[in-house]
Amino acid sequence: MAVFTPLSETQVADFLDRFDAGSLVSLEGVPAGTENSTFFVTTDRRDLVLTLFEQGDHEELPFFVELLDYLDEHRLPVPGPLHDREGVALHSLAGKPALLFPRMPGKFPKAPNLAQCQALGDALGRMHKVSRYFPGHRPNPRDLHWLLPMHHKVLGYLSPQDQTLMKDEVETYQGVFGAAPELPQGALHGDLFRDNTLFEGDRLGGIIDFYNGCTGDLLFDLAIVINDWATDADGQLNAKRHDAILSAYQVRRPLTDAEREAWPMMLRMTALRYWLSRLLVVYVDPPAHDLTPHDPEQFRSILLARLNHGALPLPEVSE
Ligand SMILES: Nc1ncnc2c1ncn2[C@@H]1O[C@H](COP(=O)(O)OP(=O)(O)OP(=O)(O)O)[C@@H](O)[C@H]1O
Ligand SMILES: N[C@@H](CCO)C(=O)O
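Bear in mind that the values here come from a model prediction, so they are computed numbers and not experimental data. (Residues numbered from 1 in each chain as written. Chains lettered and ligands numbered in written order. Predicted model: local features only at pLDDT ≥ 70, side-chain atom pairs only at ≥ 80, totals over all residues.)

Some remarks on the nonpolar core
Where a protein is soluble and globular, its nonpolar side chains tend to be buried together. To keep things clear, this is the line we draw: A set of buried residues drawn from Ala, Val, Leu, Ile, Met, Phe, Trp, Tyr and Cys, joined through C-beta atoms within 7 Å, is what defines a nonpolar core. Any residue with 12 or fewer other C-beta atoms within 10 Å of its own C-beta is exposed, any with 20 or more is buried, and the rest are partly exposed; the C-beta atoms used are placed from the backbone. In DSSP terms, a helix is any run of H or I states spanning at least four residues, a strand is any run of E spanning at least two, and both are numbered starting from the N terminus. Domain borders in the structure are assigned automatically or taken from a domain database. Once C-beta atoms are placed from the backbone, any two residues with those atoms within 7 Å are in contact.
Among the nonpolar cores identified, the biggest contains 58 residues, and Leu-120, Val-225, Ile-245 and Met-266 are the most heavily contacted of them. In terms of residues, this core owes the most to one element, helix α8 (residues 257-284), which gives 12 residues. In terms of domain composition, this core takes at least three residues from each of domain 1 (9-102) and domain 2 (114-309). The contact partners of Leu-120, leaving out residues within four places of it in the chain, are Thr-197, Leu-204, Val-225, Trp-229 and Ile-245. Among the nonpolar cores identified, the runner-up in size contains 16 residues, and Leu-7, Val-41, Leu-48 and Phe-101 belong to it.

Structure representation (structure tokens):
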């Protein structure tokens, strides 16, 4: 379930009156998702998605609106929020902040094929190419500055071996990223897993769920993508999917020498970022609802695979 706040048809019909988006035909709660209440809204003019924000820091919502507006203006396949007749996107409905989006076509790929990997790499490369100039600012809430204090919260739940693994890793990242030259910066999606994309066949219909969006190292975003999209069930990298994503990405934005150097460590740090965030959900801050949390073990094994086998060679940039 992902309707934490039910809405009546009358509430939604009244809400729609502010927008130039047609009149309500049907309203349907969306079962997927864990954080917000999501509804598919059909009007006599178009298909929309209505999101009520249940959690998180509502002060940050204007950042997400600005980021989605910016990416939409640059023709990225993202749901640019609808603005009402007065130009306002962010409203309140049933006491919760609310945004209305176009409904993007397609469904998420569980086992992406190479054409889908290529499409994703191309879109992310295009996104990072323009997001470097995005004027907004929201420091990455899940980078090293977060790992440093937060990993202490879960150590007590881990085996002695895993405690050593986690502590040693964080210390290593501190040594590497604390001293490294600044990597290219820009706006990131921050959680670009397969289930945050929609595909119609091999065509990328949309990238959704920008609520981890922030500004920081672009390489962080790319490493999250590779760890999710190009990892086999045993945690090892899948060379074909890896190369398909990275080749397409680099046509749009070739990696710098500093990024190439930082890459193996960034893969490890973003694997640990999800091992840790999932452990925090399981042990420290379980959600109120009864949805099964994501498995932390999956990212522990991805981390171990990156640690023991390193990164794959990065594909060369084709001229
Ligand atoms: N613009 C959109 N177009 C089409 N479908 C959408 C759109 N936005 C959301 N959805 C659908 O609603 C579901 C839940 O949306 P979303 O991922 O934003 O919710 P969430 O509660 O933030 O979930 P998560 O657990 O991924 O953080 C998505 O999996 C997708 O199926
Ligand atoms: N993509 C996250 C969940 C949503 O933030 C995970 O797989 O742990």
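Past the structure itself, the notes keep going.
Here we look at the site of ligand 2
Stated precisely, the cut-off is as follows: Nearness here has a simple definition: the residue's C-beta atom, placed using the backbone, must lie within 6 Å of the molecule or strand. Any residue that is not Ala, Val, Leu, Ile, Met, Phe, Trp, Tyr, Cys, Pro, Asp, Glu, Lys or Arg is counted as polar, Gly included; the first ten are nonpolar and the last four charged.
Close to ligand 2 lie Asp-191, Phe-193, Tyr-274, Ser-277, Arg-278 and His-294, which account for all nearby residues. Split by residue class, the shell around ligand 2 holds 2 nonpolar, 2 polar and 2 charged.

Remarks on the sheet that holds strand β3 (residues 47-52)
Formally: In this analysis, strands are considered paired if DSSP registers two or more bridges between them. Helix axes use the C-alpha atoms of the stretch in contact, all axes being lines fitted to C-alpha atoms, and the angles between their N-to-C directions lie in the range 0 to 180 degrees.
In space, the 5 strands of this open sheet follow the order β1-β2-β3-β5-β4, with antiparallel pairing throughout. Only two strands of the sheet have a single partner each, and these edge strands are β1 (24-29) and β4 (91-93). Across this sheet, the average inter-strand angle for adjacent strands is 35°, counted without regard to direction. Taken together, the 3 bridges between β4 and strand β5 (residues 96-102) define a ladder with antiparallel strand orientation. The residue bridging His-91 from the neighbouring strand is Ala-98, located in β5. Strand contacts of helix α1 (residues 9-16): β1, β2 (37-43), β3 and β4, with the helix running at about 125° to β1, the strand carrying the most contacts.

Here we look at the environment of Glu-316
Within the secondary structure, Glu-316 sits in the segment after α9 (296-309). Counting along the chain gives 287 residues from Glu-316 to Gly-29, while the straight-line C-alpha distance between them is 46 Å.

Digging into the site of ligand 1
Taken together, the neighbourhood of ligand 1 is formed by 18 residues, with Ala-32, Gly-33, Thr-34, Pro-79 and Met-104 sitting nearest. Looking at the shell around ligand 1 residue by residue, the class counts come to 10 nonpolar, 5 polar and 3 charged. Formed jointly, the shell around ligand 1 draws a minimum of three residues from each of two domains, domain 1 (9-102) and domain 2 (114-309).

Examining the UniProt feature "domain: Aminoglycoside phosphotransferase" (unreviewed entry) in the protein chain
Under the convention used in this document: UniProt positions are given in the numbering used here, feature names are shortened, and annotations may be inferred rather than shown by experiment.
Per the UniProt record, the feature "domain: Aminoglycoside phosphotransferase" (unreviewed entry) sits at residues 27-255. Helix and strand shares over residues 27-255 are 39% and 19% respectively, and the end C-alpha atoms of the span are 44 Å apart.

Quick notes on the pairing of strand β7 (residues 197-200)
Relative to strand β8 (residues 203-207), β7 runs antiparallel, the two being bridged by 4 bridges. Bridged to Leu-198 within β8 is Gly-206. What sits between β7 and β8 in their antiparallel hairpin is a turn of 2 residues, with Gly-201 showing a positive phi close to 60°.

Details of the confidence of the model for the protein chain
Here is the rule: pLDDT is defined as a per-residue confidence score from the predictor, taking values between 0 and 100.
Averaged over every residue, the pLDDT of the protein chain is 95; residues scoring 70 or more account for 99%. In the predicted assembly, ipTM is 0.95 and pTM is 0.96.

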